[in-house]
Amino acid sequence: MTTGNYDVVRDDIKSILSQPGYDDGSIGPVLVRLAWHASGTYDKVTKTGGSDGATMRYAIEANDPANAGLAYARDFLEPIKEKHPWISYGDLWTLAGVVSIEAMGGPIVPWKPGRKDKLESAVPPNGRLPDAEKGADHIREVFYRMGFTDREIVALIGAHCLGRCHGDRSGYEGAWTYTPIRFNNQFYVMLTKQNWHEKKLDNGLIQYADDKDKLMMLPADMAFLHDPQFKEVVQIYAKDKQTFFNDFAAAFGKLIELGVNREEEESKL
Ligand code: HEM
C-alpha cells in the first residue's frame, strides 16, 4: 500500500488527545503506555517481540494481564487507522506515543516508520512485561533482556509522571504526580521528596502513599529509591529536568525501535 503523509497522522492523533470524560482529560498517558507495552516484549537474544508486528492485536497478547486497559488506547486510535489504512498498527501505536509525549510538554522523541503488521504466529509469550509487585532484580532482568542500561531504565520509569493506576486494570489506584497530563520530571521529585509509607488495598495489593494520601508509588517504583545505583540517577533527574528530557528521548526512541527490521524494505530499493 502506498505510504501517506505521517504529519497528517500526527495532527489527527493530536486532535483526539483531549477527551474531557476520560481520566484526567487526556488519553495521552494511556497512548504512551500502549507504545511502551507494544515495544517492551522485546528479547534481544531471540530477537522476538517488540513493536514491529503490532502483535497486541491478537487475543493472547491483548489478554496478558499486564496489558489490561490498553484496549481503550487501541480503540481510541482505530478511527485514525480507518482514515489512514496505509499506516501499520505498529507505526500508529508508536507514533501515538511520541506525539502524546510531545503534546504533553515532553521532549521530541525520534521516530521512524517502517514497522509491518505480523501474523499471530509472531505473538511473544505472555509475562515479558515488568511486574509492579517486584523489585530491582526483576526490573533489571526485564530491561536487560531488552538491552537497556541502568541509566536508561531510570530514564524510562520517569514516564510515570503521566497518568494513573486503575483499580479495574492493574488493581493499583491513583496517580504518581499532581500533573498527570504534563510530561515533566515530577516522578523523581515526588519519589525523593515525599515521605512514602505502605498502604494495603482492599484487594490485598500493597502500594505506597504520601503523608496526605494523595499520590502513589508502586513497589517497583520504590525500588528506584532503594537501589543505590538507580537512586543516584533518580537524584540527577529530580534536579535536572533537561538532562532527564534528553535521556528519556533517547531511551524511548530506542525502546520503540527494538526489533524493528527494515532490511527487507531496504533490499528492495
Ligand atoms: C518497572 C517497570 C514498570 C512497571 C512495573 C510499571 C507498572 C505500571 C502499572 C501497574 C501501571 C498502572 C496501569 C493501570 O492500572 O492502568 C502503569 C501505568 C503507566 N505506565 Fe508503567 N510500569 C513500568 C514502566 C513503565 C515505562 C518504562 C513506561 C514508559 C516509558 C511506563 C508508562 C506508564 C504510563 C504512561 C502509565 C499510565 C497509564 C494510564 O494513565 O492509563 N511505565 N505502569
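Under an unreviewed UniProt entry, the name given to the chain is Peroxidase, and the source organism is Dentiscutata erythropus. What UniProt states about the chain under its Sequence similarities (unreviewed entry) heading is, verbatim, "Belongs to the peroxidase family. Cytochrome c peroxidase subfamily."

*Asks:* I'd like to hear about the site of the ligand, residue by residue, with values.
*Replies:* Around the ligand there are 24 residues in total, and His160, Gly163, Arg164, His166 and Ser170 lie nearest to it. In the environment of the ligand, a nitrogen atom lies 2.9 Å from a nitrogen or oxygen atom belonging to the side chain of His160. Between Ser170 and the ligand, the recorded distance is 2.6 Å, taken from a side-chain N or O atom to an oxygen atom. Residue assignment for the shell around the ligand shows that the elements contributing at least two residues are α2 (28-39), α6 (136-146), α7 (150-157) and β1 (164-165). Broken down by element, the residue count for the shell around the ligand peaks at 4 residues, all from α2. Residue composition of the shell around the ligand, grouped by class: 16 nonpolar, 4 polar and 4 charged. Composition of the shell around the ligand by domain shows at least three residues from each of domain 1 (6-128 + 253-268) and domain 2 (136-250).

*Asks:* I'd like to hear about the coordination of the iron atom of the ligand, residue by residue, with values.
*Replies:* When only protein atoms are considered, the iron atom of the ligand has one donor, His160 (NE2), at a distance of 2.1 Å. Tracing the sequence through the fold places His160 in the loop between α7 and β1.

*Asks:* Explain the sheet that holds strand β4 (residues 206-209) residue by residue, including any values.
*Replies:* With antiparallel pairing, the 3 strands of this open sheet are ordered in space as β3-β4-β5. Looking along the sheet, the strands with just one partner apiece sit at the ends: β3 (197-200) and β5 (216-217). When β4 meets β5, the two strands line up antiparallel, connected through 2 bridges. Each residue of the ladder has a partner; that of Ala209, found in β5, is Met216. In the packing of helix α9 (residues 219-226) onto the sheet, contacts are made with β4 and β5, and the angle to β4 comes to roughly 60°.

*Asks:* Tell me about the domain arrangement of the chain, and name the residues and values.
*Replies:* It is common to report an interface's size as the accessible area lost on association of the parts. If you check the domain split of the chain, you get domain 1 (6-128 + 253-268) and domain 2 (136-250). Placing a centre on the C-alpha atoms of domain 1 and another on those of domain 2 gives a separation of 22 Å. Contacts between the two partners involve 30 residues from domain 1, matched on the other side by 22 residues from domain 2. Together domain 1 and domain 2 conceal approximately 2,200 Å² of surface at their shared face, both sides included; 60% is due to carbon and sulfur atoms.

*Asks:* Describe the packing of helix α8 (residues 186-193) against helix α10 (residues 228-239), and please don't skip the residues or the numbers.
*Replies:* The packing of two helices is summarised by the inter-axis angle and the distance between the axes. The interhelical angle for the contact between α8 and α10, taken along N-to-C directions, is 115°, at an axis separation of 8 Å. As for the relative orientation of α8 and α10, their crossing is left-handed in sense. Taken together, the residues of α10 that come into contact with α8 (itself represented by Tyr188, Val189, Leu191 and Thr192) are Val234, Gln235, Tyr237 and Ala238. Broken down by class, the residue content of the contact of α8 with α10 amounts to 6 nonpolar, 2 polar and no charged.

*Asks:* An account of the environment of Ala136 is needed here, citing residue identities and associated values.
*Replies:* Tracing the sequence through the fold places Ala136 in helix α6. Sequence separation between Ala136 and His226 is 90 residues, and the spatial gap between their C-alpha atoms is 8.4 Å. Apart from the residues lying within four places of it in its own chain, the contact partners of Ala136 are Ala223, Asp227 and Phe230.

*Asks:* Tell me about the state of the cysteines, residues and numbers included.
*Replies:* By the definition in use, this model includes 0 disulfides. Distance from the sulfur of Cys161, which forms no disulfide, to the nearest cysteine sulfur (Cys165) is 13 Å. Note on Cys161: relative accessible area 0%, which makes it buried.

*Asks:* With reference to specific residues and values, describe the packing of aromatic side chains.
*Replies:* A complete count under the given rule lists 18 aromatic pairs for this structure. Ring centres 5.5 Å apart and planes at 10° place the aromatic pair Trp36 and Phe143 in the stacked group. Of this pair, Trp36 sits in helix α2 while Phe143 sits in helix α6, and the two are 107 residues apart along the sequence. Phe143 matches Trp36 in its accessibility class, with the two residues each being buried. Where Phe183 meets Phe248, the ring centres are 4.8 Å apart and the plane angle is 55°; that geometry is what we call tilted. Here Phe183, found in the loop between β2 (174-175) and α8, pairs with Phe248, found in helix α11 (residues 241-255); they are 65 residues apart in sequence, far enough to count as distant. Assessed through its relative accessible area of 2%, Phe183 is described here as buried. Here the aromatic cluster, defined as three or more aromatic residues joined through ring pairs, consists of Phe183, Phe187, Tyr188, Tyr237, Phe244, Phe245, Phe248 and Phe252. It is Lys81 that lies over the ring of Tyr89; its NZ or CZ is 4.7 Å from the centre. Over the ring of Phe230 we find Arg140, and its NZ or CZ is 4.2 Å from the ring centre.

Rules behind the numbers
Residues numbered from 1 in each chain as written. Predicted model: local features only at pLDDT ≥ 70, side-chain atom pairs only at ≥ 80, totals over all residues. Heavy atoms only, no water. UniProt positions renumbered as here; feature names shortened; annotations may be inferred. Near = heavy atom within 4 Å. Polar contact = N/O pair within 3.5 Å; in protein donor to acceptor, adjacent residues only side chain to side chain. Helix = DSSP H or I, 4+ residues; strand = E, 2+ residues; numbered from the N terminus. Nonpolar A, V, L, I, M, F, W, Y, C, P; charged D, E, K, R; others polar. Domains from an automatic or database assignment. Donors = N, O, S within 2.8 Å, 3.2 Å for Na, K, Ca; no water. Pairing = 2+ DSSP bridges. Contact = heavy atoms within 4.5 Å. Axes fitted to C-alpha atoms, helices over the stretch in contact; angles between N-to-C directions. Buried area = accessible area lost by both parts, 1.4 Å probe. Left-handed = near helix turned anticlockwise from the far one by under 90°. Disulfide = S-S within 2.5 Å. Buried < 20%, exposed > 50% of the residue type's maximum accessible area, 1.4 Å probe, protein only. Phe/Tyr/Trp six-rings, centres within 6.5 Å; stacked < 30°, edge-to-face > 60°. Lys NZ or Arg CZ within 6 Å of the ring centre and 35° of its normal.

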